[in-house]
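Fold and geometry: a report
Listed below are the residues making up each chain.
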Amino acid sequence: MGELFVRDELAELVSRAIGPWVAHDGLRLFGMNPVTGAVSFGFLHAFSPGLVRDQLHESYLGDDPFSPVDVARLPAPVGLIGGDDRATPVARAGAPGHGRAREILTAHGAGCELRLLLRDSRGLWGLLALLRSEGGRAFGPDDAERLARISAPLITLLRRYATAGEPRTARPYLPAGVVIVGADNEVRSLTPEARAWLGEIDPARGLAPEWMPVVAMREITLAARRHLIDPSAPRPVACSPAAFLGRRVAVHAQPLDADGTGDVAVILQEATGDLLLPVFSAWYGLTARERQIVQHLHSGAAPKQIARSLSVSLHTVNTHVKTVFRKTGVSGRDELLATLGA
């Protein structure tokens, strides 16, 4: 990418780029963990954080017709709230929750919203949402069709962002911290380690937008509640890249009761090793075999041992290792393991 974009600048640049293609008044761009489908980082441009917060409950536990969870199950990747209900094969004004979704938009001065799920054969990469103001021209079929055409370059952008600014030197280690979120989805208590983490990723110190901590905590909490009652929904395991918070952070959540209506434990910890490897492999486009070899390297195995374990030649292992180095931009095994936080 050439440079890192702080706070919401990336969303502003994307908005400028696609404005001539699909006119809009506000934009949000969220990147997902491609392995779990959980939202892991995001940016807003002229898109109220309050609107995002108000939409979250409907997206995970309400009837939002085009939440990321539901759009992922539909044959078309574009969803429309408000506007011309012929915009996509799945957009219908009578869909459950459509009325409530429009009410939330109206409360924030928006007339309609067009959403594009950024997915391909390798996984879910993110979500782009565009707004048009109340009283303006509504999104229509042509807008939806044009938006769908730019999915591939947006996926490339998110992958490049996720692999930018990889830490080459170790940051001071922080032990895992636990935040307890109550039934009202507000933080109820947290351990000293969690306080240290929240201080470390404070937007005032890093690159993340100011609205991020509150929205991210609520999102992972609601994702955990949804996954408990719907195991096919994305697992609540997010992994923020170094470019977003200055270090890679894993956030996962688990309800503490049987029905998911009570307290939720949210764990903040370093995204390293086995916790990082799946999403690291996806971001860098490693094949299944390359990921296997990285796993063996991470465990301390030598190339000859890896060859015996995988029943392949040493030449094959070395070829895969060189490919991994090239894809990840490292100069050797030590740098690769340092990147994984080994």
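Our structure's up above, just so we're on the same page.
When its secondary structure is counted, the protein shows 14 helices and 10 strands. Whereas a compact globule of 342 residues would reach a radius of gyration of roughly 20 Å, the protein reaches 21 Å, a difference of no more than 12%. Each principal axis of the C-alpha distribution contributes one length, and for the protein these read about 65 × 45 × 35 Å. Considering the protein as a whole, with its 342 residues, one finds that 52% of them fall into the buried category. When contacts within the protein are restricted to residue pairs at least 6 apart in sequence, long-range pairs at least 24 apart make up 65% of them.

Within the secondary structure layout, Ser151 lies in helix H6 (residues 151–162). The class of Ser151 is buried, set by a relative accessible area of 11%. For Ser151, the contacting residues outside a window of four places in its chain are Leu116, Leu117, Leu118 and Arg119.

This part is about the pattern of salt bridges. By the definition in use, this model includes 16 salt bridges. One salt bridge connects Glu12 with Arg16, and the closest N-O pair in it is separated by 2.7 Å. Pair noted here: Glu12 and Arg16 are both in helix H1 (residues 9–18), with a separation of four residues, about one helical turn. Taking the shortest distance from any N to any O, the salt bridge between Glu200 and Arg247 comes out at 2.7 Å. With a gap of 47 residues between them, Glu200 in helix H7 (residues 192–200) and Arg247 in the loop between helix H9 (242–245) and strand E9 (249–255) connect regions that are remote in the sequence. Pair check on accessibility: Glu200 and Arg247 agree, each one buried. Taken together, the salt bridges that share partners define one network made up of Arg28, Asp64, Glu113 and Arg115.

Per the counting criterion, the structure on display carries two cavities of 30 Å³ or more. The calculated volume of the largest cavity comes to roughly 400 Å³. Val39, Ser40, Ala216, Met217 and Ala238 are, among the 31 residues lining the largest cavity, the residues nearest its centre. Looking at the lining of the largest cavity, the elements with two or more residues in it are strand E1 (26–32), strand E2 (39–45), helix H3 (68–71), helix H8 (212–229), strand E8 (237–240), H9 and E9. Within the lining of the largest cavity, the residues separate by chemical class into 26 nonpolar, four polar and one charged.

Rules behind the numbers
Residues numbered from 1 in each chain as written. Predicted model: local features only at pLDDT ≥ 70, side-chain atom pairs only at ≥ 80, totals over all residues. Heavy atoms only, no water. Helix = DSSP H or I, 4+ residues; strand = E, 2+ residues; numbered from the N terminus. Rg over C-alpha atoms; globule rule 2.2 N^0.38 Å. Buried < 20%, exposed > 50% of the residue type's maximum accessible area, 1.4 Å probe, protein only. Contact = heavy atoms within 4.5 Å. Salt bridge = Lys/Arg side-chain N within 4 Å of Asp/Glu carboxyl O. 1 Å grid on protein atoms, 1.4 Å probe; cavity = no way out; pocket = protein on both sides within 12 Å on 5 of 7 lines; lining within 4 Å. Points joined across faces, edges and corners; volume = space filled by probe spheres on them. Nonpolar A, V, L, I, M, F, W, Y, C, P; charged D, E, K, R; others polar.

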